[in-house]
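Survey of secondary and tertiary structure
Below, each chain spelled out in residue letters.
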Amino acid sequence: MNTNDNSRREFLATGLLAGLALAGCSTKKNPFDELANDVKPSGEMVKLLSVDGEVIEIDKAFLKPVPDLPQVSNEAARMGIAGKKFVMVIDLARCKSLKKCQSACNHMHHIHPGQNWIKVYPMQDAEHTAPYWQPTTCMHCDEPPCVKVCPVDATFKRQDGIVLIDSDRCIGCRFCMAACPYSTRVFNWEEPSLEKEIADKPYSCETSVPQKMGTVGKCDFCPDMARKGELPHCVSACPNGVFLFGDMLEDTVTNGAETFRFSDLIKDKAGYRLMEDLGTKPSFYYLPPVGRNFPFENNEKKEATK
Amino acid sequence: MEQLAKQKIIQDLLPQKFGKQGKIWVAGLIVLCIIGVVAYIRQLSKGLVVTGMRDYVSWGIYISNFVFFVAISLVGSLITAVLRLTNVHWSTPLTRIAEIIAVSAITFASLIIIVDMGRPERFYNLFLHGRLQSPIIWDVIVITTYFFISILLLYFPLLPDLKIMLEVKKGFSKGMLKFYSYLGSFWKHTPGQIKLSEKAIGILAVTIIPVAFSIHTVTSWLFATTYRPGWDSTNFGAYFISGAFLVGAGGVVVAMYVFRSHYNLKEYITYDHFDKMGKVLVMLALLYLYFNVNEFLVPAFKMKKPEEEHLRGLFTGEFAPIFWFAITTSMLVPILILITKKGRRPFPAFIAGVLVVIGSWFKRYIIVTPTLLHPFLPMQDVPANYKHYFPTWEEWAIAIGSLAGALLVITIFARIFPIIPIQETITEKEEHEKALS
Ligand code: SF4
Ligand code: SF4
């Protein structure tokens, strides 16, 4: 377990930097050749993870941010990725409400301060049962009530199971918010305070950026990351590996460090979904908080009572 | 002799100029409307953040106001269609009052729903991308249909009256006469035209009943098609419709009283009308009470977990004052007033009507907001002010402005057109006399 954690941390640190590096760098061919002429090495080396999975060292001066990949068209974003059925598993035993998932999500999607797409609930099912932390996002229901009620097809279900929002089409009626039993949708009550650079971007359903005044927002399962073959931001941000993301058709879920067979995991650990009785069929599974890694400490409550 | 009576009826019922009180009333309404428009302009520029609504309470008094408007507009169908088809004649003088209330309320219902939208400028998306599976689209369809049928039901019976006014001429400005002839110069009151018009009205009166039932049933489904405790109810359609007839009838009683005393219509809107409408109101209040008992007592008996918090909030908690206020003022007290013969005289009936209308407005608030404050998952990870709802001044200004607007439309209508159908009154009187002799 320990070694596992260490290697994971390294993976994260290097992975982050790799994202900044020029695409296509590998040990076999030096992609910096043309650049080398006008960039002077600084002497400061950084470790990177190559696409082949090798850890390489490179001079910091050669780092250059990847230009944004062209966004997929609205039609493609509405269709989804063929041959996929995305799924998320939350291991409740590992969560200690660090909320790193939340801050990563808020940061990457430029969510309005105070609002959250990921919420971490202190839960206690009955008086004498044990309390636990329950992270929730949009459940990407297979029978999504929000999609059913949307009058203009601004919120839609894709072939890969993801439920997205087209903020260029949403009329802001908020019927979907009333319909979602998981209270996961947020509304842009005012003009989002975004940097000009971000605000000027054309809206993409897959990145949910930039959020627009008078429209709804919610977790999008980061399909833009999936297209790049990467994990959603919350998954890679959680140091405890609570979030496991994957593809049901491949029957695998991973938090980056560990990979599981989805069906086995759900069977062995008795996975369940929230509010099964409503028939919404979430794509979001929970593993019961059994054999907890951390004791439950509700600091929020303590602070509140102080 | 007969000619004289006819002349008197015409003189009595022609639209009258505003007196001093009338002018003050209109000016007041215009001021309220302007304040509402100013608030709306603020909302347009800053976004819905100027309201008290937040992620949990995502629908507030705009939506309850919308439900209220849709509810009150149902009265048009009750008085014009239901009573007409059952061959009740005493309601003839009230038809136009009811119909103009219906038209103006349904107009403002549509406006207030646009006010509630986060992106009103994208309204056209409803037509461009509309999907039939959404109850909102159903609402758009039935409300539009209801609006046009109501307009026609207002317009056809108006044609003979337009002719009468064009003949009288005296007391009308040039512009008004032009307007009348634009609307109805083709009407010659020939037997053929009368027959055609009667047939048209008959068809409309039949069609408007299912459409009226639809508008309010669909409106109730905006709530009942969700899972939320307090809305997830199979009783909702009937519950909304009975409530709608109640508030509509209450509105008509109020309007009857006001027109009667300000336009000197004592001979046309009589004690008998108040007596009968009073009885109708009692019946409707009892009916609505019955649906309320169903709506609250049955879940309260079981106290299912998700319902419990919601129901406690209504019965004894945060919303108890408004809840009990709404129940008492919209049903209990009016029943007590109107159940006695004395209570059905114009003034007490008017008071009962006012209570019904006010109570019903708050009843709509109770239907919309408390449910949203009791979601399935507890409220979490939101700023503290997201956990409560109190409308801001902008919301009040817009809501009050819309109510004032609806009253203004009715007032102006009564200034331009006879609020009691002249021709129908004459015809009925003639028939009555014929029957006597
Ligand atoms: S969790 Fe809510 S928003 Fe997400 S798909 Fe289900 S109903 Fe829609
Ligand atoms: S708020 Fe937007 S996404 Fe939600 S139902 Fe209305 S139009 Fe659809």
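Here we look at the state of the cysteines
Residue and element names in this part refer to chain A.
- Tallied over the entire structure, the rule returns zero disulfides over all chains.
- Cys238 takes part in no disulfide bond, and the closest cysteine sulfur to it belongs to Cys101, at a distance of 6.4 Å.
- According to the relative accessible area criterion, Cys238 is buried, its value standing at 7%.

Regarding the interface of chain A and chain B
- If you look at the interface, chain A gives 52 residues, while chain B gives 42 residues.
- Carbon and sulfur atoms make up 56% of the surface buried where chain A meets chain B, a total of about 3800 Å² over both sides.
- It is Ile171(A), Phe175(A) and Trp189(A) in chain A that bury the most area against chain B; as a group they hold 20% of the surface buried on that side.
- Scanning the region where chain A abuts chain B turns up three salt bridges.
- Of the charged contacts, one joins Asp116(B) and Arg174(A) as a salt bridge, the two residues approaching to 2.7 Å between their closest N and O atoms.
- Scanning the region where chain A abuts chain B turns up 34 residue pairs in polar contact (both at pLDDT 80 or more).
- For the side of chain A that touches chain B, the secondary-structure elements that each account for two or more residues are strand S4 (119-123), strand S5 (132-136), helix H5 (145-149), helix H6 (175-179) and strand S8 (186-187) of chain A.
- In terms of residues, the side of chain A that touches chain B owes the most to one element, S4(A), which gives five residues.
- Residues that form the side of chain A that touches chain B fall into these classes: 27 nonpolar, 13 polar and twelve charged.

Regarding helix H12 (residues 271-302) of chain B
- A rise of 1.5 Å per residue sets the reference length of H12(B), with its 32 residues, at 46 Å; its end C-alpha atoms lie 46 Å apart and thus fit the reference within 8%.
- Count one or two residues on from H12(B) and you reach Met303(B), which has phi positive near 50°.

Considerations on helix H7 (residues 135-155) of chain B
- Across its 21 residues, H7(B) extends 30 Å between first and last C-alpha, which sits within 8% of the 30 Å expected from 1.5 Å per residue.
- Along H7(B), the positions that sit buried rather than exposed are Pro135(B), Ile136(B), Ile137(B), Asp139(B), Val142(B), Ile143(B), Tyr146(B), Ile149(B), Ser150(B), Leu153(B) and Leu154(B).

Things to note about a negative patch on the surface
Residues and elements named next belong to chain B.
- A contiguous patch of negative charge, built from Glu198, Glu430, Glu431 and Glu433, is present on the exposed surface.
- Take the negative patch: its biggest share by element is three residues, from helix H17 (residues 422-436).
- Tracing the backbone through its elements, the reader meets Glu433 in helix H17.
- In this structure Glu433 comes out as partly exposed when scored by relative accessible area, which is 34%.

Concerning the site of ligand 1
- Around ligand 1, the surrounding shell holds 13 residues, and the nearest of these are Cys138(A), Met139(A), Cys141(A), Cys146(A) and Cys180(A).
- In terms of residue class, the shell around ligand 1 is made up of nine nonpolar, two polar and two charged.

Quick word on the environment of Leu83(B)
Residue and element names in this part refer to chain B.
- By the secondary structure assignment, Leu83 is in helix H4 (residues 75-85).
- Residue class for Leu83 comes out buried when judged on its relative accessible area of 15%.
- Taking C-alpha positions, Leu83 is 9.7 Å from Ala205, a pair spaced 122 residues apart along the chain.
- Other than its neighbours up to four places away in sequence, Leu83 contacts Leu78, Val88, Trp90 and Ser91.

Some remarks on the packing of aromatic side chains
Residue and element names in this part refer to chain A.
- One pass over the structure, following the stated rule, counts 44 aromatic pairs over all chains.
- Between Phe221 and Phe245 the ring centres are 5.3 Å apart and the planes differ by 85°, which places this aromatic pair in the edge-to-face class. Taken together, the residues Phe221 in the loop between strand S9 (216-217) and helix H8 (223-227) and Phe245 in strand S10 (residues 243-247) connect sequence positions 24 residues apart. When sorted by exposure, Phe221 lands in the same class as Phe245, which is buried.
- Looking at Arg174, its charged tip hangs above the ring of Phe187, at a distance of 5.2 Å from the centre.

Here's the deal with the confidence of the model for chain A
- Averaged over every residue, the pLDDT of chain A is 85; the share at 70 or more is 81%.
- This model gives residues 1-36 of chain A a pLDDT under 50, and the stretch forms 44 contacts once residues within four places in sequence are excluded.

Observations regarding the packing of helix H3 (residues 61-73) of chain B against helix H16 (residues 393-416) of chain B
Residues and elements named next belong to chain B.
- Put simply, H3 and H16 touch, their axes get as near as 10 Å, and they point 15° apart. Between H3 and H16, the angle is such that the two are roughly parallel. Viewed along their axes, H3 and H16 form a crossing whose handedness is right-handed. Here Ile61, Tyr62, Asn65, Phe68 and Phe69 of H3 come into contact with H16, specifically with Glu394, Glu395, Trp396, Ile398, Ala399, Ser402, Leu403 and Ala406.

Comments concerning the sheet that holds strand S13 (residues 284-287) of chain A
Residues and elements named next belong to chain A.
- What the five strands build is an open sheet, ordered S12-S11-S10-S3-S13; its pairing is mixed. The open sheet has two free edges, formed respectively by strand S12 (259-261) and S13, since each of these has just one partner strand. Neighbouring strand axes in the sheet, compared pairwise and without regard to direction, differ in orientation by 25° on average.
- Note that strand S3 (residues 86-91) and S10 share five bridges and pair antiparallel. Opposite Val87, over in S10, you have Gly246 as the bridge partner.

Describing the pattern of salt bridges
- Evaluation of the coordinates by the stated rule reveals 31 salt bridges over all chains.
- Between Arg273(A) and Glu276(A) there is a salt bridge; the shortest N-O distance is 2.8 Å.
- Given a relative accessible area of 18%, Arg273(A) falls into the buried group.
- When its relative accessible area of 39% is taken as the criterion, Glu276(A) is described as partly exposed.
- The structure contains a network of salt bridges with shared partners spanning Arg78(A), Asp153(A), Asp166(A) and Arg131(B).

Parameters and conventions
- Residues numbered from 1 in each chain as written.
- Chains lettered and ligands numbered in written order.
- Predicted model: local features only at pLDDT ≥ 70, side-chain atom pairs only at ≥ 80, totals over all residues.
- Heavy atoms only, no water.
- Disulfide = S-S within 2.5 Å.
- Buried < 20%, exposed > 50% of the residue type's maximum accessible area, 1.4 Å probe, protein only.
- Contact = heavy atoms within 4.5 Å.
- Buried area = accessible area lost by both parts, 1.4 Å probe.
- Salt bridge = Lys/Arg side-chain N within 4 Å of Asp/Glu carboxyl O.
- Polar contact = N/O pair within 3.5 Å; in protein donor to acceptor, adjacent residues only side chain to side chain.
- Helix = DSSP H or I, 4+ residues; strand = E, 2+ residues; numbered from the N terminus.
- Nonpolar A, V, L, I, M, F, W, Y, C, P; charged D, E, K, R; others polar.
- Expected span 1.5 Å × (residues − 1).
- Patch = residues over 30% accessible without salt bridge, like charges linked within 9 Å, V, L, I, M, F, W, Y side chains within 5 Å.
- Areas by Shrake-Rupley, 256 points an atom, 1.4 Å probe, with all protein chains shown as cover.
- Lys, Arg positive; Asp, Glu negative; His and termini not counted.
- Charge placed at Lys NZ, Arg CZ, Asp CG, Glu CD.
- Near = heavy atom within 4 Å.
- Phe/Tyr/Trp six-rings, centres within 6.5 Å; stacked < 30°, edge-to-face > 60°.
- Lys NZ or Arg CZ within 6 Å of the ring centre and 35° of its normal.
- pLDDT = per-residue confidence, 0-100.
- Axes fitted to C-alpha atoms, helices over the stretch in contact; angles between N-to-C directions.
- Parallel < 35°, antiparallel > 145°, perpendicular 65-115°, else oblique.
- Left-handed = near helix turned anticlockwise from the far one by under 90°.
- Pairing = 2+ DSSP bridges.

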